[in-house]
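Descriptive structure summary
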Amino acid sequence: MNNKKTFSIGGIHPDKHKISSHIAISDAGLPAEVFIPVKQHIGSPAKILVQKGDKVKVGTLIADADGIISADVHSSVSGEVTKIEDIQSETGYLEQVITIRVEGDEFEPGIDRSPDIVSEISQNAEEIIEIIRGAGIVGMGGAGFPTPVKTTVPEDKKAEILIINGIECEPYLTADDRLMVEKAEQIVIGAKIINKALGIQNAVIAIDENKPQAVEIIRQITKRYVGVNVQVCKTKYPQGGERQLIQALTGKEVPAGKHPIDIGCIVQNVGTVFAVYEAVMKHKPLFERIVTVSGDDILNPSNFRVRIGTPASFLINKAGLKENSVGKVIFGGPMMGRAIVNMDAPVTKTTSGILVLPESEAYKPDETSCIRCGKCVAACPVGLQPYAIARSIRENDLNEAKRLSARECIECGSCAYTCPARIPLLDFCKLAKYEFKKRK
Amino acid sequence: MLKISTAPHINSPVTTQSIMRDVIIALCPAILVALLFFGVGALKVIVTSVAACVLFEYLICRYLLKTNNTTTDYSAIITGILLAFNLPSNMPVWMILIGAFVAIGITKMAFGGLGKNIFNPALAGRVFLFISFPVQMTSWPKPQFLNFFNGDVETAATTLGILKHLGKGETPQLPDYWQMFVGNIGGCLGEVSAVALLLGLFYMLYRRIITWHIPFYYISTVFIITGIFWLITNDIRIEPVTQLLSGGLLLGAFFMATDYTTSPMTKKGQIIFAVGCGILTVIIRKYSAYPEGVSFAILIMNAFVPLIDRYTSQKIYGKGDK
């Protein structure tokens, strides 16, 4: 009944490798220690409220949002704060991290752990936004932008449509897919909650056509809820990019330098929407998330429910390795994810997957000459000319990079993926943006 | 120790080498037709040209530039085949060597090698030979199907040659469309058989090596312009189907104008480039002293590619039309 939609400029079709899509979500269990960074979001780091030796429970507020663009951080385990120090987080930078030694599994009172689904939304818009803020929810698709800011419509703007992003276009990742299959009703209610916060009755859950099970289940449930609909999208990377998804669904483009809300759109990841449901209906702050652990050398590719701060090594051991040849560990998907330096790097609110690549695939291939094939130009979902941006940066010609609109790059990596000469085109685009920022 | 690197962490299976390999595969039907019609003469020309192109590139890399050997990307093989395709089958070996040197040494490597040349190497080699040795370059052995040792004695004019020297009111002795389609006509090695070239084109399209834009717009432009002339003047010399099937148009439109390095990057640019090639081809064929215009047309348009690239950016997301 629905026509499948997609964005109109560029895009690529990498191999999907969704090897864990039929694996039900399971509990990862509790590690001996968790490492909880105080900055898991875009904005200023949260201010630490605990000291070494303090006892905390699951859901205890341990760091307080510092300003509007920041987010609360809660303990994901019960136990004792053993260290507060700077360690190399998944970003590769030193970040302030609270280490908690796990003792038992005691929850803060008030958190509703029953499986019952609550669908009656009794709170008003302001109350909802306040609960979201208090639960420390940020964009869980990867960006980590504080959700309360995104759900507050500025006075001079008007929200028209809430887009729930269930695309998950990165290869290997299946966390959102599984969440939609297993927590469909909660996600639909979450959409209604955000609708209410925005003062609209128009939410569309966008799902990629390669997730037929999720489409079917969510479609059944949306029949019972007014104002929430499903839109199937064609499989194409980077369909899950905020701007690409908006264009696919509404036909409108977010003007350069503006935000989605400027054209009436709000995009939220399904994981975020589920977290909103849990916060508002079950009084549960954001202390756990679904993480796909995958890779061709992983024995049991899995979708784990993981406490924030769990070290990557714990999850990789849990899923098991076929051979002991870990070459590279990536947080996120293979297209945009980050290679971590340290096997103990903790899962954060934005970690959607942990991907293990064998030694043989860990190296970047050697770069050869650009043959001007134009594949990068055809692949770029923004319509940029990555080869020309790379050339301008090599020649240190920032004005040329500016003329080529390098600033609009969304860093999806389609250009570098598609380049037959293996030129790290994305690195040049990122470098251009970095140089622009430095010059300001 | 964990390896770290920047995203993306995976790459498309398509590499420069795999692309070049696919182009070579796409050229195979035309090679086969050349061998069937022109026998050992064709074999001699193709082998000499390919060997010379690869050798020149290897020697230049090794002794002149002292860099990595780039012949492993197979692009020199393609240049060799395409140069051979633009020569008659009785071309003397030493002339082929000169052509290969101009193609690889001057047109490609002097500009910095693969991806940096402005002009299509094979075409530049051909045009150099064409201007230097016009007699040898315009005496085409008559195609003799499966007669491998025909000795290159009998020569035949090309269709376009016949038309060029046609007096007013004369009726030409032209091969019929079917002969032109299979390739039983006089001409350079690779240009005679439309069907073999089409097979190669379909393979390249299927493998997504090229898009349809340049071949389509190039050929349509020639077809439409000659068609209009033909309808107005009823002049057999410009009859569009013959124009399409004769000379190097299909070879040029499928394999030379689509050369990545010497064609524009954006779709819009490619269309401008292809239409330009088409217009120039018709002008040269109709008004110049030469019967054939494809090589010159493509080389001239090659020179415009940097300019076209500069002024044909795509529409950028969120920025409105440019």
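Everything in this summary refers to the structure shown in the same document. Quantities reported herein were computed from a predicted structural model and do not represent experimental measurements.

A few words on the layout of surface pockets. Within this model, the second largest pocket holds a volume of roughly 1300 Å³. Those elements that place two or more of their residues in the lining of the second largest pocket are α9 (375-379) and α12 (414-418) of chain A together with α1 (16-65), α9 (213-233) and α12 (267-287) of chain B. Broken down by class, the residue content of the lining of the second largest pocket amounts to 19 nonpolar, 15 polar and 11 charged. Looking at which domains feed residues into the lining of the second largest pocket, each of domain 1 (16-136) and domain 2 (160-310) of chain B gives three or more.

At the interface, 62 residues of chain A touch 40 residues of chain B. With both sides pooled, the region where chain A packs onto chain B buries about 4200 Å², and carbon together with sulfur makes up 53% of that total. Contact with chain B buries area across many residues of chain A, yet Ile371, Arg372 and Tyr417 of chain A alone supply 17% of it, more than any other trio. For the pair chain A and chain B, the interface holds four salt bridges. Put simply, Glu359 of chain A and Lys3 of chain B hold a salt bridge, and the shortest N to O gap is 3.1 Å. At the junction of chain A and chain B, the tally comes to 28 residue pairs in polar contact (both at pLDDT 80 or more). Taken together, the elements giving at least two residues each to the side of chain A that touches chain B come down to α6 (242-250), β15 (326-331), β16 (338-339), α9, α11 (398-403), α12 and α13 (425-439) of chain A. Per element, the largest residue contribution to the side of chain A that touches chain B is five residues, and it comes from β15 of chain A. In terms of residue class, the side of chain A that touches chain B is made up of 34 nonpolar, 14 polar and 14 charged.

Structurally, Asn86 of chain B is set in the loop between α2 (75-85) and α3 (93-108). Residues within four places of Asn86 of chain B in sequence aside, it is in contact with Leu123, Arg126, Met137, Cys188, Leu251 and Met256 of chain B.

Glancing now at the pattern of salt bridges. Side-chain pairs of opposite charge can arise whenever the charged atoms involved come near each other. Residue and element names in this part refer to chain A. Per the stated rule, a full pass over the model turns up 32 salt bridges over all chains. Notably, a salt bridge pairs Lys83 with Glu85, separated by 4.0 Å at the nearest N-O pair. Note on Glu85: relative accessible area 32%, which makes it partly exposed. The partner of Arg403 in a salt bridge is Glu400, with the nearest N and O atoms 3.2 Å apart. Of the two residues, Arg403 and Glu400 are both situated in helix α11; the distance of three residues between them amounts to about one turn of the helix. Residue classification places Arg403 among the partly exposed residues on the basis of a relative accessible area of 33%.

This next bit is on the packing of aromatic side chains. Residues and elements named next belong to chain B. One pass over the full model with this rule turns up 11 aromatic pairs over all chains. Consider the rings of Phe56 and Phe101, whose centres lie 5.4 Å apart with planes at 75°: the pair is edge-to-face. Highlighted residues: Phe56 in helix α1 and Phe101 in helix α3, separated in sequence by 45 residues. Classification of Phe101 as partly exposed rests on a relative accessible area of 39%. Taking 5.3 Å as the distance between ring centres and 90° as the angle between the ring planes, the aromatic pair formed by Phe216 and Tyr217 counts as edge-to-face. Note on Phe216: relative accessible area 44%, which makes it partly exposed.

Rules used throughout
One numbering rule holds for all chains: residues counted from 1, following each sequence as written. All chains are assigned letters beginning at A, and all ligands numbers beginning at 1, according to the order in which they are written. Two thresholds apply to this predicted model, a pLDDT of at least 70 for residue-level local features and 80 or more for giving and counting side-chain atom pairs, whereas whole-chain, interface and lining totals are computed over all residues. In computing side-chain values, all of the structure's heavy atoms are included and hydrogens and water are not. Throughout, the protein atoms alone are placed on a 1 Å grid, and a set of points is a cavity if a 1.4 Å probe fits but cannot get out or a pocket if it is open with protein on both sides within 12 Å along at least five of seven lines; lining residues have an atom within 4 Å of a point. Grid points are joined across faces, edges and corners, and a volume is the space filled by probe spheres set on the points. Counting from the N terminus, the helices are the DSSP runs of H or I reaching at least four residues and the strands are the DSSP runs of E reaching at least two. Three classes are used, and their members are as follows: Ala, Val, Leu, Ile, Met, Phe, Trp, Tyr, Cys and Pro are nonpolar, Asp, Glu, Lys and Arg are charged, and the others, Gly among them, are polar. Domain extents, as shown, originate in an automatic or database domain assignment. The contact rule is simple, with two residues in contact once any of their heavy atoms fall within 4.5 Å. When two parts are brought into contact, each loses some accessible area as probed by a 1.4 Å sphere; the total of that loss over both is the buried area. Only one rule defines a salt bridge in this text: a Lys or Arg side-chain nitrogen within 4 Å of an Asp or Glu carboxyl oxygen. Identification of polar contacts relies on pairs of N or O atoms within 3.5 Å, with a donor-acceptor requirement for protein atoms, meaning one able to donate a hydrogen and the other able to accept it, and with residues adjacent in sequence counted only if both atoms are side-chain atoms. Burial status follows relative accessibility: with a 1.4 Å probe on protein chains alone, a residue under 20% of its type maximum counts as buried, one over 50% as exposed, and anything between as partly exposed. Aromatic pairing here means that ring centres of Phe, Tyr or Trp (its six-membered ring) are within 6.5 Å. Orientation follows from the plane angle: under 30 degrees is stacked, over 60 is edge-to-face, and everything else is tilted.

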